[in-house]
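Analysis of the macromolecular model
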Amino acid sequence: MKLDLLVIAVHPDDAELGSAGTILSLVAQGKKVGIVDLTRGELGTRGTPEIRLQEAAAAAKILGLSARENMNFRDGFFRNDEEHQLALMAAIRKYQPEIVIANAITDRHPDHGRASSLIGDACFYSGLRQIKTVDNLGADATGEAQEAWRPKVVYHLIQDRYIKPDFIVDISDFYEKKQESLLAYKSQFYDPNSNEPMSYIASKEFMEFLRARAEEFGHVIGVKYGEGFTVDRTIGVKNIFDLI
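The protein chain is annotated in an unreviewed UniProt entry as Bacillithiol biosynthesis deacetylase BshB1 from Larkinella insperata.

Listed below in C-alpha cells is the structure:
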C-alpha cells in the first residue's frame, strides 16, 4: 500500500500529540496516511505495552488511518545503528510515502531526539538501491525484495519543548477530533477516576497545555488552532497563493 504521508514516531501517542490534526485534515482530503510506532512504550509510567497497542488501534480508527504498524524496538534502548536503520528502511519502502513526519529534533524525552536522527537517516538510506531489504513488516509481509524509495521530504513534530515552527498547519476544523484520538489512550492521559500512578502527561494541566499550544500556533497564522513543524531543508512552492 502506497501512502501519501507516513508519521514515524517512537511512542504510541506521539503521532497523535503532535500531528493528529494534520492527519485528520489530510484524510478528509482523500489522502492515505499511516503511522509507524517504533516502540510499544513499555517504559511508560502508566498502562502496559498490551494496553498501549489496543489504544493505538482505537486511535487509528478515529484518525481514519490506512495503516498502523509497530516496530517493537526497545523503548529507551533503541539506537541509531545499522540494525534499526535497516528495519525502518523496510517499513519506509513498504509504504513508499511522499512525506514523512518524524519526532522532534530535540525534546524533554531523550527518545524523541534519538528517534528523529534514526528516522532521518533511514529515510535517506532507503533511497540507496545498493542497500537491500525485504518486505518483512506486519501480517501481510511478502518476504519479497524491495525497491529503493526515498521520501521527498521529512518534517519534524514539535512536542513538549517549544521550537519555533518553520510552518504551521491550520487544524481548526479538526482539534476536537484530535482530542478524541488522544482520549483513546485512556491509560495515559487525564482521568480523575484512574488509580494509576500520576505521570507528567496524565495531569489535567497537560491537556490544557496542549490546547494552549494549538491556540498559540493558530494565533500565529490567524486561525483558531494550529500544529507546528520544523524542516530539514528549505520548503519550496510553485504557487505563492498556496501560502496563507
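One can find Arg93 in helix H3 (residues 82-95). Buried charge Arg93 goes without a salt bridge, the closest partner of opposite sign being Glu147 at 8.4 Å. In terms of polar contacts, Arg93 uses its side chain to reach the backbone carbonyl oxygen of Leu128, at 2.9 Å. Setting aside residues no more than four positions away along its own chain, Arg93 makes contact with Tyr125, Ser126, Leu128, Ile131, Lys132, Thr133, Gln146, Glu147, Ala148 and Trp149.

With that settled, consider the pairing of strand E4 (residues 99-102). Pairing of strand E1 (residues 5-9) with E4, which is carried by 3 bridges, proceeds in the parallel orientation. Its bridge partner lying in E4, Val7 is registered against Ile101. Sheet topology places E4 next to strand E5 (residues 153-157); 4 bridges connect them, and they run parallel. Counted as the bridge partner of Ile99 is Val153 from E5. As a crossover connection, the stretch from E4 through helix H4 (residues 110-125) into E5 is right-handed.

The tally for this structure, following the rule as stated, stands at 12 salt bridges. We note a salt bridge from Arg211 to Glu176, for which the minimum N-O separation is 3.2 Å. A residue pair is termed long-range when its members are at least 10 positions apart, and Arg211 in helix H6 (residues 204-220) and Glu176 in helix H5 (residues 175-183) qualify at 35 residues. Across the pair Glu180 and Lys177 runs a salt bridge, and its minimum N-O distance is 3.6 Å.

In this structure the tally under the stated criterion is 9 aromatic pairs. With centroids separated by 6.2 Å and ring planes inclined at 40°, the aromatic side chains of Tyr162 and Phe217 adopt a geometry described as tilted. Of this pair, Tyr162 sits in the loop between E5 and strand E6 (167-170) while Phe217 sits in helix H6, and the two are 55 residues apart along the sequence. Each ring, one from Tyr185 and one from Phe189, has its centre 6.5 Å from the other, and the planes form 90°; the classification is edge-to-face. The pair Tyr185 / Phe189 is uniform in exposure class, with both members buried.

So, how was this worked out
Residues numbered from 1 in each chain as written. Predicted model: local features only at pLDDT ≥ 70, side-chain atom pairs only at ≥ 80, totals over all residues. Heavy atoms only, no water. Helix = DSSP H or I, 4+ residues; strand = E, 2+ residues; numbered from the N terminus. Buried < 20%, exposed > 50% of the residue type's maximum accessible area, 1.4 Å probe, protein only. Lys, Arg positive; Asp, Glu negative; His and termini not counted. Salt bridge = Lys/Arg side-chain N within 4 Å of Asp/Glu carboxyl O. Polar contact = N/O pair within 3.5 Å; in protein donor to acceptor, adjacent residues only side chain to side chain. Contact = heavy atoms within 4.5 Å. Pairing = 2+ DSSP bridges. Right-handed = clockwise from strand over helix to strand, strands pointing away. Phe/Tyr/Trp six-rings, centres within 6.5 Å; stacked < 30°, edge-to-face > 60°.

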